[in-house]
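Listed below, chain by chain, are the residues.
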2 protein chains.
Amino acid sequence: MAANSQFSMAVHVLTMLARAGDDNVKSDYIAASVNTNPVVIRRILSQLNAAGLVSSQTGAFGGTRLAKPPAEISLCSIYKAVSCGEVFALHAKSPNQDCPVGRGIESVLCNLQKEIEKSVGEKLGQYSLATVIEMVSVAHA
Amino acid sequence: MAANSQFSMAVHVLTMLARAGDDNVKSDYIAASVNTNPVVIRRILSQLNAAGLVSSQTGAFGGTRLAKPPAEISLCSIYKAVSCGEVFALHAKSPNQDCPVGRGIESVLCNLQKEIEKSVGEKLGQYSLATVIEMVSVAHA
DNA sequence: CTCTTTGTAACTATACTTGTTACAGATATG
DNA sequence: CATATCTGTAACAAGTATAGTTACAAAGAG
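Analysis parameters
Residues numbered from 1 in each chain as written. Chains lettered and ligands numbered in written order. Predicted model: local features only at pLDDT ≥ 70, side-chain atom pairs only at ≥ 80, totals over all residues. Heavy atoms only, no water. Helix = DSSP H or I, 4+ residues; strand = E, 2+ residues; numbered from the N terminus. Rg over C-alpha atoms; globule rule 2.2 N^0.38 Å. Buried < 20%, exposed > 50% of the residue type's maximum accessible area, 1.4 Å probe, protein only. Contact = heavy atoms within 4.5 Å. Areas by Shrake-Rupley, 256 points an atom, 1.4 Å probe, with all protein chains shown as cover. Lys, Arg positive; Asp, Glu negative; His and termini not counted. Charge placed at Lys NZ, Arg CZ, Asp CG, Glu CD. Pairing = 2+ DSSP bridges. Least-squares fit on C-alpha atoms with pLDDT ≥ 70 in both.

What about the overall build of chain A?
Of regular secondary structure, chain A possesses six helices and two strands. Each helix and strand of chain A, placed in order from N terminus to C terminus, yields the pattern α-α-α-β-β-α-α-α. Taking 14 Å as the expected radius of gyration for a compact globule of 141 residues, we find that chain A reaches 19 Å, considerably beyond that expectation. Buried residues in chain A amount to 44% of all 141 residues. Sequence separation of 24 or more characterises 63% of the internal contacts of chain A that already satisfy a separation of 6 or more. Total accessible area computed for chain A in this model is approximately 6900 Å², and 51% of it derives from carbon and sulfur atoms. If the 12 positive side-chain charges of chain A are averaged to one point and the 11 negative ones to another, these points end up 4 Å apart.

Considering the pairing of strand β2 (residues 63-66) of chain B
All names here are of chain B. Bridge count between strand β1 (residues 54-57) and β2: four bridges; the pairing is antiparallel. Each residue of the ladder has a partner; that of Q57, found in β2, is G63. Linkage of β1 to β2, two consecutive antiparallel strands, is achieved through a turn of five residues, within which G59 is found at a positive phi near 85°.

Side note on the environment of A:G104
In this fold, A:G104 is placed in helix α5 (residues 100-125). As for A:G104 and A:N24, which are separated by 80 residues in sequence, their C-alpha atoms are 53 Å apart.

Considerations on the relation of the copies chain A and chain B
Once chain A is rotated about the relating axis by 180° and shifted along it by 0.0 Å, it coincides with chain B to within an RMSD of 0.1 Å. As the rotation angle and translation indicate, the two copies are arranged about a two-fold axis. Relative to the rotation axis, the closest C-alpha in chain A is found at A:V87, a distance of 2.6 Å. With an isologous cut-off of 70% or more, the 100% of interface residues of chain A that recur at the interface of chain B puts this contact in the isologous class.

The structure is reproduced here in structure tokens:
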């Protein structure tokens with residue numbers, strides 16, 4: 001279980017919240033749908049809260065609900081909210097600076113990485129949580 | 001060292017090969033520039049060979065050289081050649097199929113994943129190994 | 001005060017990536 | 001043919017990230 005599935009889980013979590021409207025949803029309830037431990041859900045909700053996408057309430061009858069309407073939550077903002085890795089990683093160890101290629105390749109790859117990341121963000125920005133809800137409904141209709 | 005840097009290393013390796021023209025390049029020489037073990041380089045070359053991007057020769061005075069001109073090697077083909085993970089992973093454990101969201105979310109995320117992957121491929125396809133070589137040259141000129 | 005629920009720390013298990021050693025197989029050269 | 005060189009690949013060790021789990025402090029409703 002090493003592949004980062006936080007984005008997938010975050011979309012799942014937010015879809016659950018969206019369907020609950022203004023009601024507080026408990027992490028246990030979401031965990032049952034995602035099929036994982038409530039703490040895993042609370043860890044994701046913690047990141048979504050930091051990004052201002054949800055708001056939580058502790059105590060009895062507490063729980064979490066969306067901080068904005070689903071149409072205003074883009075998949076890009078979800079992607080940025082959870083700590084996903086990059087599309088591809090740069091060199092683990094710095095290349096040999098005595099070699100012309102080793103000296104120049106890092107900055108080229110770094111710029112490319114940024115450009116790809118931007119491209120992914122733009123593509124994800126074309127969709128909102130509302131889109132996902134609609135697609136989920138259609139999928140099993 | 002868990003982040004997958006094979007794409008970065010592959011681009012580095014191919015840049016080295018491109019600069020050598022039609023000469024065979026040894027894995028030890030490339031490893032010195034990438035600052036890693038020759039076996040790591042040979043593992044990447046093995047994947048690039050399977051993708052038809054390079055051709056290797058065993059034995060004395062053996063080594064590897066490009067199978068095509070740099071301008072015909074797109075970064076997309078390099079990305080596909082090395083076994084990078086996906087931009088985001090799907091659920092590790094299948095969601096609860098008794099929940100409407102759990103039942104529908106997987107296919108939605110899977111389609112989204114394919115679309116993002118396609119988008120990344122198109123962006124990478126805008127660049128070739130020749131572009132990288134030029135950028136590396138300019139970077140430290 | 002009591003019960004419920006979040007927030008978070010700490011630990012474990014697992015899996016992936018890289019690094020390393022070792023060796024079989026191929027090939028150029030004498 | 002013998003030898004030296006280089007690739008290809010298996011096997012294993014080490015490091016690190018993710019997910020899962022337990023435990024508990026803190027907050028809040030009744």
